[in-house]
Amino acid sequence: MTEPYTLFAPTNDAFAEAGYDIDAVIADVDPTLLFQVLTDAAALGRLELGDLPDPIEMLSGNSFAVTNDATTVTIDGLPIVGAPIRAANGIIYGLGAPAPR
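We now turn to the structure provided with this report. Positions within a chain are numbered from 1, following the residues in the order the chain's sequence is written. Where totals are concerned, whole chains, interfaces and linings use all residues; where local detail is concerned, this predicted model gives features only for residues with pLDDT of at least 70, and gives and counts side-chain atom pairs only at 80 or more. Remark: hydrogens and water are excluded; side-chain values derive from all non-hydrogen atoms of the structure.

All right, on to the nonpolar core then. It is characteristic of soluble globular proteins that their nonpolar side chains tend to be buried jointly. Formed by 15 residues in total, the largest nonpolar core has its most connected members in F8, L52, I56, M58, V66, I75 and I80. Each helix corresponds to a stretch of at least 4 residues labelled H or I by DSSP, and each strand to a stretch of at least 2 residues labelled E; elements are numbered beginning at the N terminus. Of all the secondary structure elements, the ones that give two or more residues to this core are β6 (73-75), β7 (78-87) and β8 (90-95). Broken down by element, the residue count for this core peaks at three residues, all from β8. What makes a nonpolar core is a set of buried Ala, Val, Leu, Ile, Met, Phe, Trp, Tyr and Cys residues whose side-chain atoms join them at distances within 4.5 Å. Each residue is placed in one exposure class: buried if its accessible area under a 1.4 Å probe, protein chains only, is under 20% of its type's maximum, exposed if it is over 50%, and partly exposed if it falls in between.

And the structure:
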């Protein structure tokens, strides 16, 4: 996989505020579930915040609503928080809450 990707991932603080012990979750994760979660959190291409399409299609094939009210951008109702993390193969946006499951 050499394409650039955009990833949306809850911050550690978001997991903690939701009551998750992230170390325990990672240690006990089912690989199949992890694949589903990651493909549901990643979109093809390096998408800057102002260029996010609505809806945004994820690698899983699922699409999520994007809202931008000039102060907050949300993906499926989850707020994007903090500065984006830019990497050689894409960009990561932190989410202020984990997705409900």
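With respect to the helices and strands, the residue P31 is situated in helix α3 (residues 31-40). Each C-alpha atom, one on P31 and one on A70, is 37 Å from the other, the two residues being 39 residues apart in sequence.

Let's shift gears to the side chain of T39. Tracing the sequence through the fold places T39 in helix α3. Under the relative-accessibility criterion, T39 is labelled buried at 14%. What T39 contacts, discounting residues up to four positions off in sequence, is M58, L59 and S60. We call two residues in contact when some of their heavy atoms are within 4.5 Å.

Counting through the fold element by element, G61 comes out in the loop between β3 (56-57) and β4 (63-64). The spacing of G61 and T39 is 22 residues in sequence and 8.4 Å in space, taken between C-alpha atoms.

Ring pairs are drawn from Phe, Tyr and Trp, using the six-membered ring of Trp, whenever the two centres fall within 6.5 Å, and their geometry is named by plane angle: stacked under 30 degrees, edge-to-face over 60, tilted for the rest. Following the criterion strictly, the structure yields two aromatic pairs and no others. Summarising the aromatic geometry, the rings of F8 and Y93 are spaced 5.6 Å apart at their centres and angled 15° between planes, so their arrangement reads as stacked. One end of the pair, F8, is in strand β1 (residues 5-10); the other, Y93, is in strand β8, and 85 residues separate them in sequence. Here F8 falls in the buried class, since its relative accessible area comes to 4%.

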